[in-house]
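# Secondary and tertiary structure notes
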Amino acid sequence: MKTFCAYCLVMIAYYLHPTVNCSMYYNATKPNNEWWSNTILYQVYPKSFKDSNKDGIGDLKGITQKLDHFVDLGIETLWVGPFFKSPMYDMGYDVEDFKMIDPIFGTMSDLEELVFEMNKRNLKLIIDLIPNHSSDRCEWFQKSIKQEGKYKDYYIWRNATNQDELGNSSVTPKPPNNWLSIFGGSAWKWNEERKQFYFHQFSNEQPDFDMRNPDVKQQILDVMEFWMDKGVSGFRFDAVKFLYENSSLPDEPLKPGMSNSSEYIELNHIYTTDQPEVIDIVKEWRAFMDNYTKTKNISVSSLLASESYTRQDILMQYYGNSSNPGAQIPFNLALVRLPKNDNIVESIDNIIKNWLIDLPENMVANWVMENHDNLRLSSKFGAETVPMFTALKLALPGIEVTYYGSEIGMEDNMYLRPEQVTDNNLAGGPKGSRPRDYERCPMQWDDSINGGFTEEKKPWLPVNPNYYKMNVEAQKKIPTSNYNFYKKMSQLRKTDTLKNGDLQTYNITKSIYILKRSLLDHESYIVVINFGSESETVILSNAIRNLKDELFVYLGSENSAYIPGNIVSTVSSTGHPLQLRPQSVVVLTDKYIEPESPRNSASYSTETSTKLTRLLCVFILARLIL
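Notes on the structure follow. This is a predicted model, so every value here is computed, not measured.

As a further point, take the overall build of the protein chain. The helix and strand tally for the protein chain stands at 15 helices and 22 strands. Looking at the 626 residues of the protein chain, the share that counts as buried comes to 57%. Put simply, of all contacts in the protein chain between residues at least 6 apart along the chain, 70% involve residues at least 24 apart. Summing over all exposed atoms, the protein chain offers an accessible surface of approximately 26,400 Å²; the carbon and sulfur share of this is 50%.

Next comes the structure, spelled out in structure tokens:
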């Protein structure tokens, strides 16, 4: 009895709780009407998207065949991973020829056809560009080995520390310093022909350019112009923080508490990453791209995205300012690294809050949750969380980056046998925990062989065995599927409220997270997410001020028991308050939503249960007092 009475007192305190202040208020004071300012940037991993020629590998024609998929989803911008000629040691991020398409992806005419068909659908194309390094098979590197002309210093070459002793055949060349590769081992590789070491931050097969060489900088601009001439609308620059190194080559110190100087993760990389020149060259690229569109009389601006896993204060410098702009999208990768812990609501709220607080004036936020180097959300947090994260990322202001397949909740394929693994490089060196193949497996289009990705018996990577039920065509037919949830959230982003509205977030418990988007003289939208493992009753008026007594359900996850048009009470004294099942989400609005069908029984049972609980509490308290 004492336990039950305590519960009653807690319930009464909850109902009488004063309005909770929001954890953050973000005022979108100046609308940005650039084409990219509210876009969804959809990442296509070309090897895994769609195979058109039955060789088991995705290609450019395959992307062209599936362009209507993006139109249906309301996606406007495609970011296509590297398709340049490459030995594929690092899956295309080791470029042999920056102006040639690798035959496994098709031909230049295939690229031109892709751009033509995208233009017909008002879609924009962004491509990967890798300015930090090339393949060791690149003609420029081969000429650099031979010290031919301007190519002599295209890459970072240094003598061995014991260069004077190398006349003795028994002497092993010693590298210039202790710098390490992120893929493991020394970042210096001895070249017997040139009798020098070359520097590589990634694999031995990926020598770093010397970006302080003006010829190299011009070469990158030439590559950019070449692809912009082909109709590309912008670039995502890869591995930007590695572009420059300290030219004095000092040893890098150990991190505090570390003891092994041969492990990349234990060194403090103050001389090989985030050098001051990085910010300058990003601004130079932006100036070049802006000048290109101006001189070519192109009516839409080009887009510069940069990838760098680095500190947020440095990323904010990538934006530049109004007089000297930099990247429109310095990738915000904090949510990619979201930890799986008991404080997930607090972690998410801090990431969102910190980015928007630090955002320079008149710049646009961006949000990345998945990519080709990290676990998919469905595998990291569970399949039920897919709509929750979809609602979260698509309700936030600014640019959202969607990794292919997340619109259906694709999961990592962890069923690969050792001989099926193609990824040679484990980020972090030999202690890397898994191959990146898991999150790069083929797109699941339908329930035919290999998920409709290819008619070849063996694709380059096996399709996840769940493709028979988890695929685009199957989910299109189910109103409550991940696909249709994503589609409706994408449609919501077209509203003035989500384009230009303010954001308020409410971190009210360890389980419940709320986002409110509002705009003067327009409807408001409220996203309520239950990250917890138990059902939660949420009295919205206790958290959010100035709400109407009743709101309409715009959208609910399949497991929420809510459908569009359901009515939810925001106050404790009347109606049916919001009851959220574990790991579910609803999107509410003060705009009338016509019910899709008669209000489901769950809403009524919620109301009835709530009334009975209140009556019981009052009855017990009355007995105690008397």
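From this point, the narrative continues.
In this section: unusual backbone geometry. Its identity is not glycine, yet Met-91 carries a phi of approximately 55°, on the positive side. If you trace the backbone, Met-91 turns up in the loop between β4 (84-85) and β5 (97-101). A positive phi angle, close to 60°, is found at Gln-147, a residue other than glycine. Within the secondary structure layout, Gln-147 lies in the loop between α5 (139-145) and β7 (157-158). With relative accessibility at 38%, the residue Gln-147 sits in the partly exposed group.

A large share of helix α11 (residues 386-395) lies buried, amounting to ten of its ten residues. Of all the positions in α11, only Val-386, Pro-387, Met-388, Phe-389, Thr-390, Ala-391, Leu-392, Lys-393, Leu-394 and Ala-395 are classed as buried.

Let us look at the nonpolar core. Residues Phe-83, Trp-227, Phe-235, Trp-285, Ile-352 and Phe-389 are the most contacted members of the largest nonpolar core, which totals 129 residues. Setting aside residues no more than four positions away along its own chain, Trp-285 makes contact with Pro-131, Ile-220, Leu-221, Met-224, Phe-237, Leu-243 and Leu-304. Of all hydrophobic cores here, the second largest spans 18 residues; its members include Val-538, Leu-547, Val-553 and Leu-580.

The subject of this paragraph is helix α9 (residues 344-358). The periodicity of an α-helix, 3.6 residues per turn, causes residues three or four places apart in sequence to face the same way. Its 15 residues give α9 an end-to-end C-alpha distance of 21 Å, which sits within 8% of 21 Å, the value for a rise of 1.5 Å per residue. For α9, the set of buried residues is Ile-344, Val-345, Ser-347, Ile-348, Asp-349, Ile-351, Ile-352, Trp-355 and Leu-356.

Moving on to the sheet that holds strand β22 (residues 584-589). As summarised here, the arrangement of the seven strands in space is β1-β15-β16-β17-β22-β19-β20, forming an open sheet in which the pairing is antiparallel. Strand pairing shows two members of the sheet lacking a second neighbour, β1 (24-26) and β20 (567-569), which therefore form its edges. Pairs of neighbouring strands in the sheet enclose a mean axial angle of 25°, with direction left out of account. Here strand β16 (residues 512-518) runs beside strand β17 (residues 525-530); their pairing, made up of six bridges, is antiparallel. Note that in β17 the partner of Tyr-513 across the bridge is Ile-529. Seen against the sheet, α9 touches β1, β15 (502-507) and β16 and runs at an angle of roughly 150° to β15.

Extensive coverage of β15 is indicated by the burial of five of its six residues. Looking at chain direction, β1 and β15 are connected through three bridges and run antiparallel. Across the sheet, the residue bridging to Met-24 is Thr-505, located in β15. As judged from the six bridges shared by β15 and β16, these two strands associate in the antiparallel manner. Within β16, the position partnered with Gln-504 by the bridge is Lys-516. Counted between consecutive antiparallel strands, the loop separating β15 from β16 contains four residues.

This brings us to the packing of aromatic side chains. Scanning the model with the defined rule gives 35 aromatic pairs in all. An angle of 70° between the planes, with centres 4.7 Å apart, marks the rings of Tyr-403 and Tyr-404 as edge-to-face. When the ring of Tyr-525 is compared with that of Tyr-554, the centres are 6.0 Å apart and the planes differ by 80°; the resulting orientation is edge-to-face. Remark: Tyr-554 occurs in strand β19 (residues 550-556) and Tyr-525 occurs in strand β17; sequence separation between them is 29 residues. Against the face of Trp-445 rests Lys-66, its NZ or CZ located 4.3 Å from the ring centre.

Attention now goes to the sheet that holds strand β9 (residues 196-199). Read from one edge to the other, the open sheet built from three strands follows the order β7-β9-β8, with strand pairing classed as antiparallel. Unpaired on one side and paired on the other, β7 and β8 (188-191) mark the two borders of the sheet. Pairing between β8 and β9: four bridges, direction antiparallel. In the strand pairing of β9, Trp-190 is matched with Phe-197.

Parameters and conventions
Residues numbered from 1 in each chain as written. Predicted model: local features only at pLDDT ≥ 70, side-chain atom pairs only at ≥ 80, totals over all residues. Heavy atoms only, no water. Helix = DSSP H or I, 4+ residues; strand = E, 2+ residues; numbered from the N terminus. Buried < 20%, exposed > 50% of the residue type's maximum accessible area, 1.4 Å probe, protein only. Contact = heavy atoms within 4.5 Å. Areas by Shrake-Rupley, 256 points an atom, 1.4 Å probe, with all protein chains shown as cover. Core = buried A, V, L, I, M, F, W, Y, C linked by side-chain atoms within 4.5 Å. Expected span 1.5 Å × (residues − 1). Pairing = 2+ DSSP bridges. Axes fitted to C-alpha atoms, helices over the stretch in contact; angles between N-to-C directions. Phe/Tyr/Trp six-rings, centres within 6.5 Å; stacked < 30°, edge-to-face > 60°. Lys NZ or Arg CZ within 6 Å of the ring centre and 35° of its normal.

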